[in-house]
Amino acid sequence: GGWYRISPPLLVMTYGGLCGYLIHDLHLILTTPSLYSLGMMAHHVIGICGSAYAWWSGLAGGACVFFLLTEATTPLINARWFLTKTGARNSSLYTLNGVAIFVAWTFLRASMVVIAPIVFYRDWHHFGHDYPTNIIIIGTTVAVGSLNLYWYYLIVRGLLKLLGLRGSASSTASAKRRD
């Protein structure tokens, strides 16, 4: 049952940390037009609502710890943004950062899409028949998991392109014209 209940000091730090982080990141997205996207807005709003509900209900504390851990990928995404803005897209540091994003996303975010439903299913009896809680837990898990899988798909495509294993459509078309 540790997935859904954790000790009170860790609970306060986790919920406060997760909500504070998501609110801060949401503020950055709203005040920096180049960072704005509907997916990013949805990710942060769903996270804030889900963690606020978890705080209110006293359930899913362990899940909030896990979801906060997934945000450890953010510094790599921010570094990519800075490298792009400084014109370092062709540097080895940019390539290394792209590989690091892929590895971190694989272990911290894509794995959550598989692990979270398994653990919730395993511990389902702890939640009982509290239908609003069950619907919110399932909805949050599906929504955040879908966004993470979509972004993982984009990361894999970008990594393949970065490593030269997949070219852009224009380079493929020009190569066919030369043949």
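Residues numbered from 1 in each chain as written. Predicted model: local features only at pLDDT ≥ 70, side-chain atom pairs only at ≥ 80, totals over all residues. Heavy atoms only, no water.

Glancing now at the nonpolar core. Membership of the largest hydrophobic core is limited to nine residues, which are Tyr-15, Leu-18, Leu-22, Leu-26, Ile-29, Met-41, Ile-48, Ala-54 and Cys-64. Top element by residues in this core is helix α1 (residues 8–31). It accounts for five residues. (Core = buried A, V, L, I, M, F, W, Y, C linked by side-chain atoms within 4.5 Å. Buried < 20%, exposed > 50% of the residue type's maximum accessible area, 1.4 Å probe, protein only. Helix = DSSP H or I, 4+ residues; strand = E, 2+ residues; numbered from the N terminus.)

Within the element layout of this structure, Glu-71 appears in the loop between α3 (61–70) and α4 (74–85). Of note is the side chain of Glu-71, whose polar atom sits 3.2 Å from the side chain of Arg-109. Contacts of Glu-71, omitting those with residues within four sequence positions, involve Tyr-21, Leu-22, His-43 and Arg-109. (Polar contact = N/O pair within 3.5 Å; in protein donor to acceptor, adjacent residues only side chain to side chain. Contact = heavy atoms within 4.5 Å.)

A pair of packed helices is characterised by two quantities: the angle between their axes and the separation of those axes. Running from N to C, α4 and helix α5 (residues 92–122) point in directions that differ by 155°, and their axes come no closer than 9 Å. The angle between the axes of α4 and α5 places the two elements in the roughly antiparallel class. Between α4 and α5 the crossing geometry is left-handed. Taken together, the residues of α5 that come into contact with α4 (itself represented by Thr-74, Leu-76, Ile-77, Ala-79, Arg-80, Leu-83 and Thr-84) are Leu-93, Tyr-94, Asn-97, Ala-100, Ile-101, Ala-104, Trp-105 and Arg-109. (Axes fitted to C-alpha atoms, helices over the stretch in contact; angles between N-to-C directions. Parallel < 35°, antiparallel > 145°, perpendicular 65-115°, else oblique. Left-handed = near helix turned anticlockwise from the far one by under 90°.)

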